[in-house]
Amino acid sequence: MSEEDIITGEESRSPVSFIEQIIIDDLGEGKNGGRVHTRFPPEPNGYLHIGHAKAICLDFGMAEKYGGKCNLRFDDTNPVKEEVEYIESIKEDIRWLGFDWEDREYYASDYFGKLFDFAIDLIKRGLAYVDDQPAEVISAQKGTPAQSGTESPYRNRPVGENLDLFERMNRGDFEEGSRVLRARIDMTSPNMHMRDPIIYRIIKSSHHRTGEKWKVYPMYDFAHGQSDYFEGITHSLCTLEFEVHRPLYDWLIDQLKTGEYRPRQIEFNRLNLTYTVMSKRKLLELVQDGKVSGWDDPRMPTLCGLRRRGYTPESIRKFIDLIGYTKYEAINDISLLEHAVRDDLNLRAPRVFGVLNPLKVVITNYPENMVEEVDLINNPEDETMGSRKVPFSRDLYIEQDDFMEDPPHKFFRLSPGSEVRLKGAYIIKCTGYTKDENGRIIEVLCTYDPHTRSGGHLSGKKVKGTLHWVSAAHALDAEVRLYDRLFDHEDPSGQKEDDYRKFLNPDSLRILRGCKVEPSLKTAMHLDKFQFQRLGYFCIDYDSTPDHLVFNRTVGLKDSWAKMNK
RNA sequence: UGCUCCGUGGUGUAACUGGCAACACGUCUGACUCUGGAUCAGAAAAGUUCAGGUUCGAGCCCUGACGGAGCAACCA
């Protein structure tokens, strides 16, 4: 595509989001010198989740696509809620997703000085004043959305007094909560945010970067737009709930700007997923209440949780690409996310044999001490991934579900008298089985046909089913963690009467021990991803060691047999 | 009861300055298969919240209803 095509978007028919269209139009009009500069502004008070990924992909994605830049800016204006701990995790997650802010790592706190000066300037221009009233009184005077507010008795305080008071607020002369600085706008505005919003409050906690230097800290509205302005941001993309803040954003920019350049705030819908909660507060509660093992519990929608679950950055980006950006709230089906990982892992995850619920199979006519190495394709979707050798012997394990004593009509697997293919090896026939004193089947007896080995001259023989298996003597023991959706209600937070915690799924984690996996997995590393053939995609958990393998199930394979039986 | 934003198959999104409502997920068939996966072929599924209006023609423009979301933190 030529540069012209990129700007007009005429080359590709693929539809663009309304935001991208705005960018294209702005570029076309030559606004802001034809620059595109975005920013991703997390508050360091929690871990990033997949909703943030939606913002990250937009912020970095638009910059990348239109030859611009995207800054990383920590919105650290509230020292009582923010912690350094989160900063590293946020950076790690953005990098993991595949984005790079280069040297542009900024902090709103970098601008505290300029912000303070701007506040002084507003005071001097009669556009800000110090209010001595307590929070409850100020709040009451704000009115309600349907009822206009009333003016503070301090609203017309002389400039000199405001200047003096504000300086002393910052010096620490006053207690927290005793005074605030307010912008002097319009108490009768139908927009609550324009009713003389508080722009500075006194906080005496130590700040993670500026220490004890400041005793007053700017509010979000007084920091965000100005930070955008200081950084030369052109498109400030945020979620829908900030829509009503936009008039204030613009008002402040109007007071600040000196030339033609101005940043523009545009809002898009946040990401909601079925069967999950997305608010930082709720995620924090789940962690603190021990409902999950931590921020990176594989059931969490956090990026670190998804990573541990076995999701790839590509699959997350693909998913976000699929759902789009609009101006109305939606709730996205988690099955689309699951589709995105399957689709990605299908192409890149090597296939292996793993038996979750082992059932012993003895091939009675197979020589007792013989071991054959059978050759197995690592990935039928990608022959460059080669093949591997897997040991085959007389005593094997297959999946318990793959044998039925008294099978229903369309059961293609093993049952008395039936024949199945052991994938990559032989066709076997079930000749009997034994039960324990409780009537549970503990062993299945089979015979094999030596001519049916894969690649052999009778290997073309048709059988209905193909099973995965492991050689009992060679198999490795493993623990497998099966995850299901954390909530059993589609929209756990949307139920007015019920707390979301009421919908926690009691079976969201099932731990299987004594699983058997093929020996090649001995050397697998943390987060390595595999397809356990016929079962699903699994990855190695952080808890795993070579002597105690632990797998997380990322997502199951589509299972039309299971569906038939529902 | 105020202001702002928004209503398109079950779900998420498309439809360029009005021109036969399209794609994906999901669902259901069938084919193929040494993964009941993948792949392939096909089907069902909305007439665009409703009512008027403008127009040869409206999902798109106008009016009015109805419905949903957001806004009353010294949070972001």
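Higher on the page you've got the structure.
Report on the accompanying structure.

### Concerning the protein's contact with RNA strand B
By nearness alone, 68 residues border RNA strand B, and Glu243, Arg351, Ser454, Gln531 and Lys563 come closest of all. Each atom of RNA strand B within 4 Å of the protein was classed as base or backbone; sugar and phosphate made up 63%. A distance of 3.2 Å separates a sugar or linking oxygen of RNA strand B from a polar atom in the side chain of Asn332.

### Examining helix H12 (residues 313-323)
When H12 is considered as a whole, its buried residues turn out to be Pro313, Ser315, Ile316, Phe319, Ile320 and Ile323. Along H12, the residues classed as buried sweep out an arc of 165° about the axis, all on the same side. Structurally, H12 contributes buried residues whose contacts are with helix H3 (50-65), helix H4 (84-97), helix H11 (303-309) and helix H13 (334-348).

### A closer look at the packing of aromatic side chains
Aromatic ring pairs: the centre-centre distance and the angle between the two ring planes describe each pair. Under the definition given, this model contains 29 aromatic pairs. Their ring planes at 25° and their centres at 5.3 Å tell us that Phe60 and Phe99 sit as a pair that is stacked. Here Phe99 lies in the loop between H4 and strand S3 (105-107) and Phe60 lies in helix H3, a separation of 39 residues in the sequence. We classify Phe60 as buried; its relative accessible area is 4%. Under the relative-accessibility criterion, Phe99 is labelled buried at 5%.

### A word on the sheet that holds strand S7 (residues 216-218)
Spatially, four strands are ordered S4-S5-S6-S7 in an open sheet, and the strand pairing comes out antiparallel. With one partner strand each, in any of the chains shown, strand S4 (128-131) and S7 form the two edges of the open sheet. Strand-to-strand twist in this sheet, taken as the mean axis angle between neighbours without regard to direction, amounts to 25°. Docked against the sheet, helix H5 (residues 112-124) engages S4, strand S5 (180-183), strand S6 (198-202) and S7, running at close to 120° with respect to S6. Strand contacts of helix H7 (residues 159-171): S4, S5, S6 and S7, with the helix running at about 60° to S4, the strand carrying the most contacts.

### Comments concerning the layout of surface pockets
Of the pockets and cavities examined, the largest pocket occupies roughly 1600 Å³. Considering the residues around the largest pocket, the lining is formed by 41 residues, among which Gly556, Leu557, Lys558, Asp559 and Ala562 are closest to the centre. Looking at the lining of the largest pocket, the elements that each hand over two or more residues are H13, strand S19 (465-467), strand S21 (476-483), strand S25 (549-556) and helix H14 (560-564). The greatest single-element share of the lining of the largest pocket, amounting to five residues, is contributed by H14. Tallied by class, the residues present in the lining of the largest pocket amount to 13 nonpolar, nine polar and 19 charged. One number sums up the size of the second largest pocket: a volume of about 1100 Å³. In terms of lining residues, the second largest pocket is bounded by 42 residues, among which His52, Glu241, Phe242, Arg270 and Lys280 are the most central. Those elements giving two or more residues to the lining of the second largest pocket turn out to be strand S1 (37-40), H3, helix H8 (220-231), strand S8 (235-239) and helix H10 (280-288). Of the residues forming the lining of the second largest pocket, the biggest block, five residues, is contributed by H3.

Cut-offs used in this document
Residues numbered from 1 in each chain as written. Chains lettered and ligands numbered in written order. Predicted model: local features only at pLDDT ≥ 70, side-chain atom pairs only at ≥ 80, totals over all residues. Heavy atoms only, no water. Near = heavy atom within 4 Å. Polar contact = N/O pair within 3.5 Å; in protein donor to acceptor, adjacent residues only side chain to side chain. Buried < 20%, exposed > 50% of the residue type's maximum accessible area, 1.4 Å probe, protein only. Helix = DSSP H or I, 4+ residues; strand = E, 2+ residues; numbered from the N terminus. Arc of directions from axis to C-beta. Contact = heavy atoms within 4.5 Å. Phe/Tyr/Trp six-rings, centres within 6.5 Å; stacked < 30°, edge-to-face > 60°. Pairing = 2+ DSSP bridges. Axes fitted to C-alpha atoms, helices over the stretch in contact; angles between N-to-C directions. 1 Å grid on protein atoms, 1.4 Å probe; cavity = no way out; pocket = protein on both sides within 12 Å on 5 of 7 lines; lining within 4 Å. Points joined across faces, edges and corners; volume = space filled by probe spheres on them. Nonpolar A, V, L, I, M, F, W, Y, C, P; charged D, E, K, R; others polar.

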